[in-house]
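Tertiary structure, described
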Amino acid sequence: MTELRELANPRLNAIFNDVEAALLEIISRHRVTWEEYRTATTWLAEAGTQPFEIPLLLDVFLSPTVDDANHGSTDGTECNVEGPVYIPGAPVLQAPYVLPMRPTEPGEKLVVSGTVRSTDGTPLAGATLDVWQSNAVGEYSQFQPNLPEWNLRGRLSTDADGAFSYTSVVPVPYGIPDGGATGRLMAALGRHCMRPSHLHFKITHPDATALTTQLYFADDPYIDSDVVGAVKASLVTKLDRRVGDDGQPYAACSYDFVLAAA
Ligand code: MBD
Ligand code: FE
């Protein structure tokens, strides 16, 4: 029997057998009670009635490890999860780059700059940065009502020296949806549902391997307790407060991305 099953789908069998063994070992080790087991099945049934709740749950607990297993071993900038709110096809912007935002967009002005290079140090001119972020109250366009379709989403390019710069607003810590089964689990565990403020990037260039990553800010209150557990030390940058030529204060951060060869 076993052999026949393995022939049917060897990879599924290899992975599921390990999942099953791990769960059974945990049940035995903790002597999970029948009542606890029923609490778990009821909670899963509840999650199953809520749209997107099971994907959210898996994204919170598993997605960074899936990402690392697939993209985690280049000598370039470390990868980081795409997350659930990426939308392909954001507007292609013209320099000087300003992310699409409302005339009265709340929040502090942010200038994000840096370079894109290959692992041998060559500047990558004409690399595309597809960027997205939440606004200054923690909302992503197309996932919250009353926001313009492409608010704080756009595509821009590096110049001849592989440099880029764009203007946006400083994002705030982001709360994942906490009204469903995932939120109920987190509350029972005594954990919060917050991600530290972050900026998302998908960077592509014909001569390089595409990079999906995020940047974080060092002084963020949730930098050490991301609900998704996705923060990597090498992706933590610093927000500098500056005063512009116009006398107005703004925040700035900078990062030099390195892409592996294609
Ligand atoms: C997000 O904005 C995010 O970036 C991730 C990884 C998970 C949930 C919401
Ligand atoms: Fe995000």
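Anyway, here's the lowdown on the structure attached to this text. (Residues numbered from 1 in each chain as written. Chains lettered and ligands numbered in written order. Predicted model: local features only at pLDDT ≥ 70, side-chain atom pairs only at ≥ 80, totals over all residues. Heavy atoms only, no water.)

Re the nonpolar core
To be explicit about the condition: By nonpolar core is meant a set of buried Ala, Val, Leu, Ile, Met, Phe, Trp, Tyr and Cys residues that side-chain atoms within 4.5 Å join together. Think of it in three bands: residues with accessible area under 20% of the maximum for their type are buried, residues over 50% are exposed, and the middle band is partly exposed, with areas taken using a 1.4 Å probe on protein chains only. In DSSP terms, a helix is any run of H or I states spanning at least four residues, a strand is any run of E spanning at least two, and both are numbered starting from the N terminus. Here, residues are in contact when the closest pair of their heavy atoms is within 4.5 Å.
Formed by 47 residues in total, the largest nonpolar core has its most connected members in V116, Y166, F201, I203 and F257. Those elements that place two or more of their residues in this core are α4 (53–71), β2 (109–118), β3 (128–132), β5 (163–169), β8 (198–204), β9 (211–217) and β12 (249–259). Ranked by residue count, the leading element in this core is β12, at five residues. Here I203 is in contact with V116, A127, T128, L129, A210, L211, F257 and L259, once residues within four sequence places are set aside.

Re the pairing of β3
So the rule is basically this: Whether two strands pair depends on DSSP finding at least two bridges between them.
Extensive coverage of β3 is indicated by the burial of four of its five residues. Taken together, the five bridges between β3 and strand β4 (residues 153–157) define a ladder with antiparallel strand orientation. Following the sheet pairing, D130 is matched in β4 by R155. Pairing of β3 with β8, which is carried by five bridges, proceeds in the antiparallel orientation. Pairing of L129 across the sheet is with I203, part of β8.

Remarks on the site of ligand 1
This is how it is decided: Only heavy atoms are used to decide nearness, and a residue is near a molecule or strand if one of them lies within 4 Å of it. What qualifies as a polar contact is a pair of N or O atoms within 3.5 Å, subject to a donor-acceptor requirement within protein and to the restriction that residues adjacent in sequence count only when both atoms come from side chains. What sets the accessible areas is the Shrake-Rupley method with a 1.4 Å probe; for residues, cover comes only from the shown protein chains. Here the term cavity refers to a set of points on a 1 Å grid, laid over the protein atoms alone, in which a 1.4 Å probe fits but cannot get out; the term pocket refers to an open set having protein on both sides within 12 Å along at least five of seven lines, with lining residues being those that place an atom within 4 Å of a point. Put plainly, a molecule is in a cavity or pocket when over half of its atoms are within 2 Å of the grid points there. Ten residues, namely Ala, Val, Leu, Ile, Met, Phe, Trp, Tyr, Cys and Pro, are considered nonpolar, four, namely Asp, Glu, Lys and Arg, are considered charged, and the remaining ones, Gly among them, are considered polar.
With respect to spatial proximity, the complete set of residues near ligand 1 consists of V81, G83, P84, V85, Y140, Y174, I176, R195, H198, H200, Q214 and V228. R195 places a side-chain nitrogen or oxygen 3.0 Å from an oxygen atom of ligand 1. H198 is positioned with one of its side-chain polar atoms (N or O) 3.2 Å from an oxygen atom of ligand 1. Across the complex, the protein chains shield 96% of the 270 Å² of accessible surface that ligand 1 would expose by itself. Given that more than half its atoms are within 2 Å of the pocket grid, ligand 1 belongs to the second largest pocket. Classifying every residue of the shell around ligand 1 gives seven nonpolar, four polar and one charged.

In short, shape yes, function no, at least from these values alone.
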